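Structural overview for review
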Amino acid sequence: MTKKVKLLDIIPIVILLVLVAAFAILSKGTTLSGYNLSNMMVQVVPVIIGSLGVIFVVSLGGTDISIGASAAMCSTVAALVAGRFGSWLLLPVTLILTMAVGLCVGLLVSKCRVSSFMTTLALLIACRGFLNFLLSSQVVYTPSGLEFMSSTGFAVTLLVVAIVVIFFVFEKTKFGYYCKCIGENERTVRSVGINVDRIRITCFVLSGLFAGIVGVTQMCRVGGSSQTLCNMLEMRVQMAIFLGGILTTGGFSAKLYKVIIGSITITVIENGLTICRASSAVSEAVEGILLVIILCTTIYFNNVSEKHTVRLSTNSTMDVEA
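In this report, we go over the structure that sits alongside the text. Keep in mind it's a predicted model, so treat the numbers as computed, not measured.

**Considering the overall build of the protein**
- Of regular secondary structure, the protein possesses twelve helices and zero strands.
- Its C-alpha radius of gyration of 21 Å places the protein within 12% of the 20 Å reference for a compact globule of 322 residues.
- Each principal axis of the C-alpha atoms in the protein carries an extent, and together these give about 80 × 55 × 35 Å.
- Looking at the protein as a whole, 48% of its 322 residues qualify as buried.
- If you take every contact in the protein between residues at least 6 apart in sequence, the share linking residues at least 24 apart comes to 78%.
- Summed over all atoms, the accessible surface of the protein reaches about 16200 Å², with 68% contributed by carbon and sulfur.
- The averaged location of the 14 negative side-chain charges in the protein is 3 Å from the averaged location of its 22 positive side-chain charges.

Here's what the structure looks like:
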């Protein structure tokens, strides 16, 4: 039996192809040059990696807008520790700290019933404030011996491995399936005896894990910490998720390929506007307008798809009764 392809699933791909073609025409082919494609690869890696963690939270119907600030703060603290005790500590310390942050967020959201948006917003502000405090009195450099982590080859290898692992966990295991079921109907999932709180906490820990990976790789790429380290990463990830056609309610609209398509789309938009020499004000305006148009398109086709499904279900019921 062949599986039908839903219109909502191919809309993000169509939008991406249209944008690539449009910017290629406007830039007279510059956006498709080998040099620019290499730059885009570097730009898209942190967005995709960050999205790989956040997709678990989004599938629940939640959000995590603290990953950029958490990644920057925790990698900075880890760099201070690694600078004193050994450069090899940078990655494990960063991951431990970001996962601990994710655990705290998960506990607050699950046990205290606090909104994930408000919790992570408060955390974003707190982490950025603490990062600014740390950098106000000292300069933090990337520990020596980690130069290989700034190479394009390492970034691509890391990205491929991360995608393969998350594809298996999110698309092929019961854990990923339960995450989507919670987004569809949490009450039903609870009623069958599944520990929803534990799953939600685990999702925020995973989000923190991938935020830590982004923090380390970005710090190694720029050579140290700064107040702008991983700045706006969380917003780019959120835009990637929505541009990919994943609904804010999560559920089974959350698919791995969508966050990859969405990450490439937001990178194409940003890179294309830069190549076309648009000012920052124009770029922000265009990005906002495109996001609204794409979101409206996604919601429209989702509503059309739902009406079609209901119509088919009703017709099937009437046929059975007849």
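The rest of the description comes next.
**Observations regarding the environment of Ser 150**
- Positionally, Ser 150 belongs in the loop between helix H5 (116-137) and helix H6 (152-172).
- Residue class for Ser 150 comes out partly exposed when judged on its relative accessible area of 33%.
- C-alpha of Ser 150 to C-alpha of Val 160: the two residues are ten residues apart in sequence and 16 Å apart in space.
- Setting aside anything within four residues of it in sequence, one finds Ser 150 in contact with Cys 220 and Arg 221.
- At 2.6 Å, the side chain of Ser 150 forms a polar contact with the backbone oxygen of Glu 147.

**A look at the side chain of Ser 51**
- Note on placement: Ser 51 falls in helix H2 (residues 34-59).
- When its relative accessible area of 0% is taken as the criterion, Ser 51 is described as buried.
- With near-sequence residues (within four places) excluded, Ser 51 lies in contact with Val 237, Ala 240, Val 259 and Ser 263.

**Some remarks on the nonpolar core**
- Core analysis: the biggest nonpolar cluster contains 67 residues, and Phe 56, Leu 90 and Ile 241 have the highest contact counts within it.
- Every residue in contact with Phe 56, bar those within four places of it in the chain, is listed here: Ile 166, Val 169, Phe 170, Phe 175, Cys 179, Cys 203 and Leu 206.
- Formed by 17 residues, the second largest nonpolar core is a distinct cluster that contains Leu 19, Ile 261, Leu 273 and Ile 294.

**Regarding the pattern of salt bridges**
- Counting across every chain of the model gives seven salt bridges.
- Lys 180 serves as the salt-bridge partner of Glu 171, at 2.9 Å between the closest nitrogen and oxygen.
- A salt bridge links Arg 190 to Glu 186, with the shortest nitrogen-to-oxygen separation between them at 3.0 Å. Remark: Glu 186 and Arg 190 occur in helix H8 (residues 186-191); sequence separation between them is four residues, near one turn of the helix.
- The partly exposed category is assigned to Arg 190, whose relative accessible area is 32%.
- What you see here is one network of salt bridges that share partners, running through Lys 111, Arg 113, Glu 186, Arg 190, Asp 197 and Arg 200.

What counts, and where the lines are drawn
Residues numbered from 1 in each chain as written. Predicted model: local features only at pLDDT ≥ 70, side-chain atom pairs only at ≥ 80, totals over all residues. Heavy atoms only, no water. Helix = DSSP H or I, 4+ residues; strand = E, 2+ residues; numbered from the N terminus. Rg over C-alpha atoms; globule rule 2.2 N^0.38 Å. Buried < 20%, exposed > 50% of the residue type's maximum accessible area, 1.4 Å probe, protein only. Contact = heavy atoms within 4.5 Å. Areas by Shrake-Rupley, 256 points an atom, 1.4 Å probe, with all protein chains shown as cover. Lys, Arg positive; Asp, Glu negative; His and termini not counted. Charge placed at Lys NZ, Arg CZ, Asp CG, Glu CD. Polar contact = N/O pair within 3.5 Å; in protein donor to acceptor, adjacent residues only side chain to side chain. Core = buried A, V, L, I, M, F, W, Y, C linked by side-chain atoms within 4.5 Å. Salt bridge = Lys/Arg side-chain N within 4 Å of Asp/Glu carboxyl O.

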